[in-house]
Amino acid sequence: MLRENNNQLQDENLLDSFSEMETPFYFYDLKLLHKTLNEVQTLASNYDFDIHYAVKANSNDRILREIETFGFGVDCVSGNEIRAAINNGFSADKILFAGVGKSDNEIRYALSQQIKAFNCESIQEMEVINALAAENNQQVEIAIRINPNVDAKTHRYITTGLDENKFGVNQRDLPEVLDRLQTLKQLKLTGIHFHIGSQIVDLNVFKGLCLRVNEILQWFAEQQVNIQHINLGGGLGIDYQAPDSSAIPDFSAYFAIFNKFLNRNPEQSVHFELGRSIVGQCGSLISKVLYIKQSTNTTFAILDAGMTELLRPALYQSYHQIENLSSTGDINQYDVVGPICETTDCFGKSVKLPETRRGDFIALRSAGAYGEVMTSNYNLRDKNEAFYFE
Ligand SMILES: *Cc1c(COP(=O)(O)O)cnc(C)c1O
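Residues numbered from 1 in each chain as written. Predicted model: local features only at pLDDT ≥ 70, side-chain atom pairs only at ≥ 80, totals over all residues. Heavy atoms only, no water.

J.: Break down the side chain of Ser 284 for me, citing the residues and quoting the values.
T.: Here Ser 284 is to be found in strand β11 (residues 283-294). Polar side-chain contacts of Ser 284 include one of 3.3 Å to the side chain of Arg 365. Those residues in contact with Ser 284 that sit more than four places away from it in its chain are Leu 9, Phe 25, Tyr 26, Phe 27, Leu 364, Arg 365, Ser 366 and Ala 367. (Helix = DSSP H or I, 4+ residues; strand = E, 2+ residues; numbered from the N terminus. Polar contact = N/O pair within 3.5 Å; in protein donor to acceptor, adjacent residues only side chain to side chain. Contact = heavy atoms within 4.5 Å.)

This is how it looks when you write it as structure tokens:
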């Protein structure tokens, strides 16, 4: 779906407002976020799918409040994410708690808030939740996160559904899990959960996931275990090469695949935990050029933003489109780098930009997901207020 060529960053009035901001800062296009959420909501309700937003993609309070108004639930991977969700209006019965290493304190907190369910990743974790729930004689709904051994065909650092990954319970261990659950009296198994990776752009991968999930559902049916909730995780990718023409991911094709290939019975609810695809394109990191430095074969544009504000290029070699918002000069090539004392603190090599000078505003696009949440104060860096465009 096109975004009718309205890259808000091109607006001259916006640059005036930017000049009053401390840089670097995150810019959020809330109009685009709304359009995206509308699209997801409409399609999901057509198919009767439930959406839980994956808070870890962006836990900015303002963004969480916007998402809450659309009636979605949340998928949290820490106690503090649960706290942030509750503080921003999400009701406890729409909160799921996932994660391979939940601490006792986090489990206690989630129990005290009576969240909807825990997505459990090992037998030992189930035993611990059971013991902590027994302290207050609480009944807890759980889903088993199953590692389906399906290759997400994405960067290996964000592949999570292969046997070699640390996530979930392997299929061959499921009989043992069911045996053990017989004795864990506080726990009620109601769902199965999958999340095979992130930034998945080959939709065939999701067809493969459906076929594996169908086998697993069949197995549970044979064991006379009633699975009420099927949670298929997140993972839908965004187009980092085309933040304007592909501003809204193809949710329609994505949901259609699950609708076509997943064999659910009418009593089973189907859940998705979308993160990146919801918030990725609405955010940009805005930075100022500090210096232009000429070396033998390279011209460096040194920004006031670095890996401390946007870690993804250093962590996953990921691409973000880079735009100079201030210049319309002749095109040159720049290595666009940050100020941090690490060689990986580089946003792009040989990037074509209009002639770039000290003080120009630079936008790093598609930074709404896994951007602001991964900021650090390495080098004792400051964190600046975000800008919300409405
Ligand atoms: C990270 C994560 C998600 C969201 O993934 P996206 O690729 O951002 O959609 C969903 N579920 C779980 C369990 C996760 O860890």
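J.: Help me get a handle on helix α9 (residues 251-261), residues and values and all.
T.: Every buried residue of α9 is accounted for by Phe 251, Tyr 254, Phe 255, Ile 257 and Phe 258. The arc enclosing the buried residues of α9, seen along the axis, measures out at 150°, which places them on a common side. Considering only its buried residues, α9 is in contact with α2 (30-47), β2 (49-54), α8 (204-222), β10 (269-272) and α10 (276-279). (Buried < 20%, exposed > 50% of the residue type's maximum accessible area, 1.4 Å probe, protein only. Arc of directions from axis to C-beta.)

J.: Which residues make up a negative patch on the surface, and what values do they have?
T.: There is a patch of like negative charges on the surface, built from Asp 11, Glu 12, Asp 16 and Glu 20. Along the chain, the position of Glu 12 falls in helix α1 (residues 12-18). (Patch = residues over 30% accessible without salt bridge, like charges linked within 9 Å, V, L, I, M, F, W, Y side chains within 5 Å. Areas by Shrake-Rupley, 256 points an atom, 1.4 Å probe, with all protein chains shown as cover. Salt bridge = Lys/Arg side-chain N within 4 Å of Asp/Glu carboxyl O. Lys, Arg positive; Asp, Glu negative; His and termini not counted. Charge placed at Lys NZ, Arg CZ, Asp CG, Glu CD.)

J.: Quick one: what's the story with the nonpolar core, residue by residue and with numbers?
T.: If you look at the biggest cluster of nonpolar residues, it comprises 101 residues, and the most contacted ones within it are Phe 118, Phe 220, Leu 232, Phe 255, Phe 272, Leu 274 and Ile 278. Residue contributions to this core peak at eight residues, all from α8. Per-domain counts for this core show at least three residues from each of domain 1 (30-280) and domain 2 (281-389). Once you skip the residues sitting within four places of it in the chain, Phe 220 turns out to touch Ile 144, Ile 146, Leu 174, Leu 178, Leu 189, Ile 192, Val 225 and Ile 227. In terms of nonpolar packing, the next biggest core, distinct from the first, is built from twelve residues, Leu 14, Leu 15, Phe 27 and Ile 286 among them. (Core = buried A, V, L, I, M, F, W, Y, C linked by side-chain atoms within 4.5 Å. Domains from an automatic or database assignment.)

J.: Can you tell me about the packing of helix α6 (residues 123-135) against helix α7 (residues 174-183), naming the residues and giving the values?
T.: The geometry of α6 relative to α7 is characterised by a closest axis approach of 10 Å and an angle of 15° between their N-to-C directions. Relative to α7, the element α6 is oriented roughly parallel. Of the two possible hands of crossing, α6 and α7 adopt the one that is right-handed. Listed contacts from α7 to Ile 123, Met 126 and Glu 127 of α6 are Glu 176, Val 177, Arg 180 and Leu 181. In terms of residue class, the contact of α6 with α7 is made up of four nonpolar, no polar and three charged. (Axes fitted to C-alpha atoms, helices over the stretch in contact; angles between N-to-C directions. Parallel < 35°, antiparallel > 145°, perpendicular 65-115°, else oblique. Left-handed = near helix turned anticlockwise from the far one by under 90°. Nonpolar A, V, L, I, M, F, W, Y, C, P; charged D, E, K, R; others polar.)

J.: Residue-level account of the environment of Glu 81, with values.
T.: By the secondary structure assignment, Glu 81 is in helix α4 (residues 79-87). For the pair formed by Glu 81 and Ile 216, sequence separation is 135 residues and the distance between their alpha carbons is 30 Å. Ignoring sequence-local partners within four residues, the contact set of Glu 81 consists of Val 55, Lys 56, Asp 75 and Cys 76. Looking at Glu 81, its side chain comes within polar contact range of the main-chain nitrogen of Val 77, at 2.9 Å.

J.: Quick rundown of the domain arrangement of the protein chain? Include the residues and the values.
T.: Domain boundaries in the protein chain define domain 1 (30-280) and domain 2 (281-389). On the side of domain 2, 22 residues touch domain 1, which itself brings 27 residues to the contact. Here domain 1 meets domain 2 over a buried area of about 2,200 Å², counting both sides, of which 52% is carbon and sulfur. Area buried by domain 1 at its contact with domain 2 is led by Tyr 240, Pro 243 and Gly 280, which between them contribute 26% of it. There are one salt bridge connecting domain 1 and domain 2. (Buried area = accessible area lost by both parts, 1.4 Å probe.)

J.: Can you break down α2 residue by residue, with the values?
T.: An ideal rise of 1.5 Å per residue puts 26 Å on 18 residues; α2 measures up with 26 Å between its terminal C-alpha atoms. Taken as a whole, α2 has its buried residues at Leu 30, Leu 32, Leu 33, Thr 36, Leu 37, Glu 39, Val 40, Leu 43 and Ala 44. Measuring from the backbone nitrogen of Lys 31 back to the side-chain oxygen at the start of α2 gives 3.1 Å, which picks out Asp 29 as the cap. Just past α2, the residue Asp 48 takes up positive phi, approximately 60°. (Expected span 1.5 Å × (residues − 1).)

J.: With reference to specific residues and values, describe the packing of α4 against helix α5 (residues 104-113).
T.: The interhelical angle for the contact between α4 and α5, taken along N-to-C directions, is 30°, at an axis separation of 9 Å. Between α4 and α5, the angle falls in the class roughly parallel. Where α4 abuts α5, its residues Gly 79, Ile 82, Arg 83 and Ile 86 lie against Glu 106, Tyr 109, Ala 110 and Gln 113. Here the contact of α4 with α5 is composed, by residue class, of four nonpolar, two polar and two charged.

J.: Please give an account of the pattern of salt bridges that cites residues and values.
T.: Under the definition given, this model contains 13 salt bridges. Ionic pairing is found between Glu 127 and Arg 180, a salt bridge with its closest N-O pair at 2.6 Å. Here Glu 127 is found in helix α6, whereas its partner Arg 180 is found in helix α7, with 53 residues between them in sequence. Among the residues examined, Glu 127 registers a relative accessible area of 27% and is labelled partly exposed. The shortest N-O distance in the salt bridge between Glu 372 and Lys 383 comes to 3.3 Å. With Glu 372 in the loop between β16 (361-364) and β17 (387-389) and Lys 383 in the loop between β16 and β17, this residue pair connects regions lying eleven residues apart in the sequence. Within the structure, one salt-bridge network assembled from shared partners comprises Arg 62, Glu 66 and Glu 390.

J.: Could you give an account of the site of the ligand, with specific residues and numbers?
T.: Close contacts around the ligand come from 14 residues, with Lys 56, Ser 198, Glu 273, Arg 276 and Tyr 370 the closest. For the ligand, an oxygen atom lies 2.8 Å from a polar atom in the backbone of Arg 276. Protein burial of the ligand: of its 390 Å² of free accessible surface, 94% is covered by the chains. Here the shell around the ligand is built from residues that sort into three nonpolar, six polar and five charged. (Near = heavy atom within 4 Å.)

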